[in-house]
Amino acid sequence: MSDDFDAESLDTSIGDVLSGRAGSDADPGVLWLAAAARPTPPASLVARIDAAMQPAAAPAPAKVPARERPFLEDRPSLLLSAVAAALAFAFVFQALGNIVAGDWIAENLGEPHGPHAYFEGALAMAAAGVCALAAAVRRSWAGVSVLTCSPLALSLGVHGLGEIGEFAAGAILHVTEGTLGLLLIVAWWWDRRDTSRRSHEERA
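Since this is a predicted model, take the numbers as computed values, not measurements. (Residues numbered from 1 in each chain as written. Predicted model: local features only at pLDDT ≥ 70, side-chain atom pairs only at ≥ 80, totals over all residues. Heavy atoms only, no water.)

**Notes on the packing of helix α4 (residues 78-100) against helix α6 (residues 115-134)**
Applicable threshold: As a rule, the C-alpha atoms of each element are fitted with a line to give its axis, helices using only the stretch in contact, and angles between N-to-C directions run from 0 to 180 degrees. Numbering goes from the N terminus for both helices and strands, where a helix is a DSSP run of H or I of at least four residues and a strand is a run of E of at least two. Just so you know how the angles are binned, under 35 degrees is roughly parallel, over 145 roughly antiparallel, 65 to 115 roughly perpendicular, and the rest oblique. Here is the rule for handedness: rotate from the far helix to the near one, and if that takes an anticlockwise turn smaller than a right angle the crossing is left-handed, while a clockwise turn gives right-handed. Residue contacts are counted whenever heavy atoms from the two residues lie within 4.5 Å of one another. The residue classification treats Ala, Val, Leu, Ile, Met, Phe, Trp, Tyr, Cys and Pro as nonpolar and Asp, Glu, Lys and Arg as charged. All others, Gly included, are polar.
Axis separation between α4 and α6 bottoms out at 8 Å; the angle between their running directions is 165 degrees. It follows that α4 is roughly antiparallel to α6 by the angle criterion. Between α4 and α6 lies a crossing whose hand is left-handed. Of the residues in α6, those in contact with Ala84, Ala85, Leu87, Ala88, Phe91, Val92, Gln94, Ala95, Asn98 and Ile99 of α4 are Tyr118, Phe119, Gly121, Ala122, Met125, Ala126, Ala128, Gly129, Ala132 and Leu133. Tallied by class, the residues present in the contact of α4 with α6 amount to 16 nonpolar, four polar and no charged.

Right, here's the structure in full:
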């Protein structure tokens, strides 16, 4: 190195060499000292360091069939279940009444009792009760229950208005069925609205 190479310039040159900023005009003596102070690491050590620095590969997400939904996710809301179960009970109650108390019903309505028609009507009402109960079990079945049971219940409710003052028990039963049929539509709509909102929040 030259005699006029002061300490400050030497420090700057050393710093440039050690940091890799030195150019072709760097002092050869400084370059030689830096190279001597930097031993070459073993190739195996370099390989281990490179492997440790590589990001771990994320496991591929498990593919779930699009149409597969756990049973618990298909459970209807408490309101929909309660209304559907209540309507199912009302239908089955009417079916049992037709079977065991057909004579009494016909007498109060002032019409002849037809055991055959009453029995077949009871079977139809029991089937409607099973259909209504489906909405209390699975959300995906509720649409069928609404389409079939709500019109029947509303028709019975309107028909029951004509029995007020003539056959109080029948009027109360049919008006109750009509009210539950209307509530089934409301509960089904509310359940679908709540499900759509939660699905939108999960996607967001």
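There's more to say after this.
**Details of the packing of aromatic side chains**
Using the following cut-off: Stacked, tilted and edge-to-face pairs are distinguished by plane angle, under 30 degrees for stacked and over 60 for edge-to-face with tilted covering the rest, among Phe, Tyr and Trp rings (Trp via its six-membered ring) whose centres lie within 6.5 Å. Cation placement over rings: the criterion is NZ of Lys or CZ of Arg within 6 Å of the ring centroid and within 35° of the ring normal.
The full count for this structure, using the stated rule, is three aromatic pairs. Arg138 extends its terminal NZ or CZ atom over the ring of Trp141, reaching a point 5.4 Å from the ring centre. Cation over ring: Arg193 sits above Trp190, and NZ or CZ is 5.0 Å from the ring centre.

**A look at the environment of Ala86**
Among the secondary structure elements, Ala86 is positioned in helix α4. For the pair Ala86 and Leu184, spaced 98 residues apart in sequence, the C-alpha to C-alpha distance is 9.7 Å.

**A word on the packing of α4 against helix α7 (residues 142-161)**
Viewed as axis vectors pointing N to C, α4 and α7 meet at an angle of 50 degrees, and their least axial separation amounts to 12 Å. Of the possible angle classes, the one that applies to α4 and α7 is oblique. Judged by the twist between their axes, the crossing of α4 over α7 is left-handed. Contacts between α4 and α7 involve Leu80, Leu87, Phe91 and Gln94 from the first element and Ala142, Cys149, Leu152, Ala153 and Leu156 from the second. Here the contact of α4 with α7 is composed, by residue class, of eight nonpolar, one polar and no charged.

**Structural notes on α4**
Because each turn of an α-helix spans 3.6 residues, side chains separated by three or four positions end up pointing in the same direction. How we decide: By definition here, a helix of n residues has an expected span of 1.5 Å times n minus one. When accessible area is computed with a 1.4 Å probe and restricted to protein chains, residues below 20% of their type maximum are described as buried, those above 50% as exposed, and intermediate ones as partly exposed.
Relative to the 33 Å expected for 23 residues at 1.5 Å per residue, α4 spans 32 Å between its end C-alpha atoms, a close match to the ideal helical length. Regarding α4, the residues found buried are Leu80, Ser81, Val83, Ala84, Leu87, Ala88, Ala90, Phe91, Gln94, Ala95, Gly97 and Asn98.

**Regarding the confidence of the model for the protein**
Definition in use: pLDDT expresses, on a scale from 0 to 100, how confident the predictor is about each individual residue.
Of the residues in the protein, 67% have a pLDDT of 70 or more, and the chain-wide mean is 80. Considering each helix and strand of the protein separately, the mean pLDDT is smallest for helix α2 (residues 28-37), with a value of 62, and largest for α4, with 95.

**Here we look at the nonpolar core**
Condition: Think of a nonpolar core as a cluster: buried Ala, Val, Leu, Ile, Met, Phe, Trp, Tyr and Cys residues, connected wherever their side-chain atoms sit within 4.5 Å.
Among the nonpolar cores identified, the biggest contains 22 residues, and Leu87, Phe91, Ala132 and Leu184 are the most heavily contacted of them. Secondary-structure elements contributing two or more residues to this core are α4, α6, α7 and α8 (168-203). Per element, the largest residue contribution to this core is eight residues, and it comes from α4. Residues in contact with Ala132, not counting those within four places in the same chain, are Ala84, Leu87, Ala88, Phe91, Ser145 and Cys149. Membership of the second largest hydrophobic core comes to five residues, among which are Ala106, Leu109, Tyr118 and Phe167.

**A short note on the environment of Leu87**
By the element assignment, Leu87 lies in helix α4. Sequence spacing of Leu87 and Leu133 is 46 residues, and the spatial spacing of their C-alpha atoms is 7.8 Å. For Leu87, the residues in contact, after removing those within four places along its chain, are Ala132, Cys149, Ala153, Glu177, Leu180, Gly181 and Leu184.

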